Amino acid sequence: MRKGVFLSTRRFLILVPLVLSLLLLQSYFWVPTYDEQARGNPGRLEEYINASIGDASILNPILSADSASSEIESQVFDGLIDRDENLHFRGRVAQSWEVTEEAFFFVNDAARVPGALGSEPESVLRHLEQKRNDPAALSAPVQKSLQNIRALTLLPPRNYTVTRPRPGSDAKAAAEIRLEVAAPARIKLVLREVDQDLFTHLAEILGADYFTTFQAARHITAAPAVSETDLAALTEALLPAIEQNPVIEFRLRPGVRFHDGRAVGAADVRFTYEAIMDPRNLSPRVADYEPVKEIHILDPLTLRIVYKRLYSPAIGTWAMGILPRHLLNAEALKQEAVRSGKDPAAFSMRQSAFNRAPVGCGPFVFKEWKSDQAIFLDRFEDYWEGPVNYKTYAYRIIPDLLTQEMEFYAGTIDSYGVQPYQVERLAGDPRFQSFSGTSYSYAYIGYNLRRKPFDDPRVRRALAMAIDVNKIIRFVLYNQGERTTGPFLRQTDFYNDAVAPVPFDPQGALRLLAEAGWQPDAEGRLAKNGQRLQFTLISNSGNDIRKSILAITQDAWKQIGIDVRTDLLEWSVFIQERVNKLDFDALVLGWSMGIDPDLYQIWHSSQTGPHQLNFGGYRNPEADDLIIKIRQEYNHDRLVDYCHQLHALIARDQPYTFLYVPKWTAVLDKRIVIRDADAEGRSRYRRITPTKTGNHMFYFNQWIKLAEMPQFSN
Amino acid sequence: MIAFIGRSIVQKIITLFFVSIVSFAIIHLAPGEPSQVDPLNPKFTPEMVERFRTAFHLDQPLYVQYAYFYRDLFRGSTVSWKDNQPVLKKIWERFLNSLPLFIVGTLITWTISFPVGIRSAIFRGGIYDRSATFISYVLISIPGFFFAYILIILVVTQLEVPVIGMQTFGIGDTAWPFRIMDRLWHMLLPSILGATGGIAVLSRYVRSQMLEVEGQDYVRTARAKGLPWEMVHYKHALRNALLPFVTMFGLILPGLIGGSVIIESIFSWPGMGRMAYEAILSRDYPLILTINFIAAVLVLIGTFVSDVLYVLVDPRIRL
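Residues numbered from 1 in each chain as written. Chains lettered and ligands numbered in written order. Predicted model: local features only at pLDDT ≥ 70, side-chain atom pairs only at ≥ 80, totals over all residues. Heavy atoms only, no water.

### Quick notes on the domain arrangement of chain A
Residue and element names in this part refer to chain A.
And then number 1: Taken domain by domain, chain A comprises domain 1 (5-83 + 356-438 + 666-705), domain 2 (89-98 + 247-333), domain 3 (105-243) and domain 4 (441-664).
And then number 2: The straight-line distance from the C-alpha centre of domain 2 to that of domain 3 is 30 Å.
And then number 3: Every contact between the two is made by four residues of domain 2 and, on the other side, four residues of domain 3.
And then number 4: When domain 2 packs against domain 3, the two sides together hide about 260 Å² of surface, and 50% of this comes from carbon and sulfur.
And then number 5: Counting the surface domain 2 buries against domain 3, the share from its top three residues, E98, K293 and L310, is 81%. (Domains from an automatic or database assignment. Contact = heavy atoms within 4.5 Å. Buried area = accessible area lost by both parts, 1.4 Å probe.)

### Some points on the sheet that holds strand β29 (residues 703-705) of chain A
All names here are of chain A.
And then number 1: Spatially, β28-β27-β29 is the arrangement adopted by the three strands of the open sheet, whose pairing is antiparallel. Of all the strands in the sheet, the pair left with one neighbour each is β28 (683-686) and β29. Recorded for the sheet is a direction-independent mean angle of 45° between the axes of neighbouring strands.
And then number 2: Bridge count between strand β27 (residues 672-677) and β28: four bridges; the pairing is antiparallel. Residue pairing for β28: D676 is matched across the bridge by R684. (Pairing = 2+ DSSP bridges. Helix = DSSP H or I, 4+ residues; strand = E, 2+ residues; numbered from the N terminus. Axes fitted to C-alpha atoms, helices over the stretch in contact; angles between N-to-C directions.)

### Observations regarding the interface of chain A and chain B
And then number 1: Listed as interface residues are 65 residues of chain A and, on the opposing side, 63 residues of chain B.
And then number 2: Of the roughly 6000 Å² buried between chain A and chain B on both sides combined, carbon and sulfur atoms contribute 67%.
And then number 3: Taken together, the links from chain A to chain B amount to three salt bridges.
And then number 4: Here A:D372 and B:R274 are joined by a salt bridge, their closest N and O atoms 3.5 Å apart.
And then number 5: Counting the contacts that link chain A with chain B gives five residue pairs in polar contact (both at pLDDT 80 or more). (Salt bridge = Lys/Arg side-chain N within 4 Å of Asp/Glu carboxyl O. Polar contact = N/O pair within 3.5 Å; in protein donor to acceptor, adjacent residues only side chain to side chain.)

### Things to note about a nonpolar patch on the surface
Residues and elements named next belong to chain B.
And then number 1: Together, F145, F146, I150, L154, V261, I262, Y277 and L281 line one region of the surface with nonpolar side chains, adding up to about 730 Å² of accessible area.
And then number 2: Looking at which element gives the most residues to the nonpolar patch, the answer is helix α6 (residues 144-159), with four residues.
And then number 3: Position of I262 among the secondary structure elements: in helix α12 (residues 261-266). (Patch = residues over 30% accessible without salt bridge, like charges linked within 9 Å, V, L, I, M, F, W, Y side chains within 5 Å. Areas by Shrake-Rupley, 256 points an atom, 1.4 Å probe, with all protein chains shown as cover.)

### Digging into helix α15 (residues 469-476) of chain A
Residues and elements named next belong to chain A.
And then number 1: Among the residues of α15, V469, I472, I473 and V476 are the ones counted as buried. Projected onto a plane normal to the axis of α15, the buried residues spread over an arc of 105° and lie on a single side.
And then number 2: Looking at the buried residues of α15, the elements they touch are β19 (481-483), α17 (544-559) and β26 (656-669).
And then number 3: Looking one or two residues past α15, Y478 carries a phi angle of roughly 50°, positive in sign. (Buried < 20%, exposed > 50% of the residue type's maximum accessible area, 1.4 Å probe, protein only. Arc of directions from axis to C-beta.)

### Quick notes on the packing of helix α4 (residues 87-122) of chain B against helix α14 (residues 285-313) of chain B
All names here are of chain B.
And then number 1: Taken N-terminus to C-terminus, the directions of α4 and α14 make an angle of 60°; their axes are 10 Å apart at the nearest point. The angle between α4 and α14 falls in the class oblique. With respect to the hand of their crossing, α4 and α14 are arranged in right-handed fashion. Contacts between α4 and α14 pair V87, L88, K90 and I91 from the former with P286, L287, T290, I291 and I294 from the latter.
And then number 2: Split into classes, the residues belonging to the contact of α4 with α14 amount to seven nonpolar, one polar and one charged. (Parallel < 35°, antiparallel > 145°, perpendicular 65-115°, else oblique. Left-handed = near helix turned anticlockwise from the far one by under 90°. Nonpolar A, V, L, I, M, F, W, Y, C, P; charged D, E, K, R; others polar.)

### Comments concerning the confidence of the model for chain B
As a note on interpretation, predicted positions should not be read in detail where pLDDT is low.
Residue and element names in this part refer to chain B.
And then number 1: On average, residues of chain B score 83 in pLDDT, and 93% of them are at 70 or above.
And then number 2: Summarising per-element confidence for chain B, the mean pLDDT is lowest in helix α11 (residues 255-258) (69) and highest in helix α5 (residues 127-141) (90).
And then number 3: The ipTM assigned to the predicted complex is 0.75, against a pTM of 0.82. (pLDDT = per-residue confidence, 0-100.)

### A look at the sheet that holds strand β21 (residues 526-528) of chain A
All names here are of chain A.
And then number 1: Taken in spatial order, the three strands line up as β20-β21-β22 in an open sheet, and their pairing is antiparallel. A single partner strand is all that each edge strand has here, and the edge strands are β20 (519-520) and β22 (531-532).
And then number 2: In the sheet, β21 pairs with β22 via two bridges, with the strands oriented antiparallel. Across the sheet, K528 pairs through a bridge with Q531, a residue of β22.

### Thoughts on the environment of B:Q11
And then number 1: Tracing the sequence through the fold places B:Q11 in helix α1 (residues 2-29).
And then number 2: Each C-alpha atom of the pair B:Q11 and B:I140 lies 36 Å from the other, and the pair is 129 residues apart in sequence.

### As for unusual backbone geometry
Residues and elements named next belong to chain A.
And then number 1: Here K452 and P453 are connected by a cis peptide whose omega angle stands at 0°.
And then number 2: Residue placement: P453 occurs in the loop between β18 (441-447) and α14 (457-465).
And then number 3: In the Ramachandran plot, N479 falls in the positive-phi region, its phi being about 70° despite a non-glycine side chain.
And then number 4: Tracing the chain through its elements places N479 in the loop between α15 and β19.

### Description of helix α3 (residues 62-75) of chain B
Each α-helix winds once per 3.6 residues, and so residues spaced three or four apart point in a common direction.
Residue and element names in this part refer to chain B.
And then number 1: Here α3 spans 20 Å end to end across 14 residues, near enough to the 20 Å set by a 1.5 Å rise per residue.
And then number 2: Buried within α3 we find Q65, Y66, F69, Y70, D72 and L73. Buried residues of α3, viewed axially, fall in a sector of 160°; they line one side. Along α3, the residues that are exposed and aim more than 90 degrees away from the buried face are Y63, F74 and R75.
And then number 3: For α3, the elements touching its buried residues are α1 and α14.
And then number 4: Immediately downstream of α3, the backbone of G76 shows phi near 75°, a positive value. (Expected span 1.5 Å × (residues − 1).)

### Regarding the packing of α5(B) against helix α7 (residues 176-214) of chain B
Residues and elements named next belong to chain B.
And then number 1: Viewed as axis vectors pointing N to C, α5 and α7 meet at an angle of 140°, and their least axial separation amounts to 8 Å. Compared by their axis directions, α5 and α7 come out oblique. As for the relative orientation of α5 and α7, their crossing is left-handed in sense. Residues D129, A132, T133, S136, Y137, L139 and I140 of α5 lie in contact with α7, whose contacting residues are T196, A200, V201, S203, R204 and R207.
And then number 2: Along the lines of polarity and charge, the residues of the contact of α5 with α7 split into six nonpolar, four polar and three charged.

Here it is, written out as structure tokens:
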């Protein structure tokens, strides 16, 4: 009896792990292999599974700022416009749009208009009308500006009173001043298209100082009185001598519906704008919409957006997903707060459950979000462009790149972003089709132009000449990169192909450095006035590619006698302590960017302070001028022209050594094809082909997976 | 005994208070700021960053922030900065995901280590003991992520079944036994990986404890009395060798919330460890601090439980 008990202690100790292991291991026989999954589950063919390394954070297009969220949002929400195959704008929820301009100037009774009868408003207007009808004596650009004017009207003088917070006082003091404004007559010009040179051209007719000598302060009296400089600032805002207001008029597509069946109308668009501007929502997109002056709803499907000033990137901002007003307006949010037992006063759109179960008017309907696992979307049967082919869209979160690859092989994800070192072996695999293109980013070495020796463009050029970028591309990127010479996207027209990359020429570099005063000493080390050429090149840790670039450039520069030290810093230290505080000599970093060519924040000389993005301190008045012109130009051809000039200018100045644009490669199962209908409505299959700019996902809405590998004739 | 418990609880609350201060200070001293406040995104203007700072109370002195945070925590109204979800709800969801992994891993560790360790001790110096020692050291030294990759590649390419995630993705509406077994299968690799290190260490520990006890006089006496072999080892020796392990049980508790960052990331397991790691990367202070606080509470409860267990199982200790 007793013996049995002891035996069972031993047996117990051995049996328990055995049984446990067997129980766990036998589960293998219940799990479907990939072939079984596809055979037993035909629905899998109508399902597209995408993988991402990070989870979305907030599924509301006006609140999110991460790429995972915006990827889901792009499927759930549609904007007014987006980009077509050639990266030009095309209508989505908007059927058509027109960009015009309204411009104003105050009649300057102090200025004498050459050739006019007098300086009173009627004479000035008549004089302009006359020039418009008989422009023969004027130069061609001025003629063009005049032809562009659709109508000229005179706005009568106006008297009104406003109150403004007293300048210089803080908000708490709440001191106000009353301003009596006696606005003089104003002339309004309606233009066919935006013309940023309008007033420079008008100045040729009205006199060079017509607009600059307008004395707004004369028309304003302040009570209590304020200093002259303060008054000047106030009047500048109240009575600007000239004003240019671009106007976009969108005509929405009829019959577009949100996923809950409500029609999308102009009110939803205006609501989206108001939600972005509402300070309680802390939208990260405020800067894009700040230039909007007002939005008028002309009819339920027409919308007129007036801007405060010329700002051409504004058009692109209307790719923003449209929010459903009926689900998120103040009333709806209040009800939601009451329902969930929260304080309605402190409840903003950020707290709404909408952000985890969004409703839009895009091709897919949100279904489910399992945090850090997957997000599921279903096809929207009522999509305005017709339902897409895939029935479900799943967005899986797989934080590890190797396991992503394994899941791709196991067939449980459909698309896979290939790492540079894998491109060669996967491209040759007969099961897969692969696509590649250049990404919307570039890598560079940035110099701190405030410090010596980087203030000398010859030194910067010499540093660039000493580096063999092709070698970096070949050995660090496994050829998955392309050289770039300037700050614009390679696949857009804005990129200037005529700019040649800096050649790899160490001897030439030495000659340039000698020109700049840096001579090699007895040991071949460069020095000037007894001072050695030495500096530190830094980057952030955790990025192997940047680490390799650091080592390669260090070596390349040592070869020509420069004493370079390198340092890797943790990302936040790197950004906060070095980049934001402008405390660095040179750094390796990259920019990712949008299609719009606005470079104001990265290259304009006003953006060189601490915590600003022109941390290299690039200042060039010529470049500043072009950057502003680009921001204000609405005509594509002229825009391209300005961008080419700016590109050439920056390439000449070499504030950065532009290294490369990384290439991406995506592999897909070959059974995924495009299915669309021919003229008679029969299904037609064709191979997925990338667009001219390399985007293979452009026709994603027509993609479908076939059960068998398709055979195409060519 | 009751006096001991009372004293111990007071001490632990004081410790907890200091832990809360220190962890708060450390997290705020660490460089970097929440990604909403420190973006390298050209679209973020300084005014917006300032608004975020105000909304998150980051513009206040540290002690005020501390008060805000613990006030919210005790009211249960802390929300994550990343997605505005209530922190406690997030933690609870993740805890439920990590729990099965933790239970299976612990079961594997504890059930396998004992027979392995005991046998090594009984046949000390033999082939079995030496190979067990060797394997233990291999398992201790092999980096977890590397071992994980090897296993995943082997399973995926040889057995052709999926292993990532909590279940086969898109398994759809198959019968429930299949779904249960599928979940079990997906738990297998991560829990084995989580257990390997534990098995290696714990079986070594069991072995040395057994050896120590086997050398005691009472074991020699038992053997001299002519007791059966089984009885000598499994009653007289093992029972006494078990004492330290009872107390170790209390110390497992904090493991409940820790999860495993590496294993969970590799297997895309939506668990605690991964959430904590990602929270640290995005400087989601409310989430990090709450996890930290709960972990501290669990550690203190764990030590308390092991103190009490000691008293209960070891008649030599009196309080």
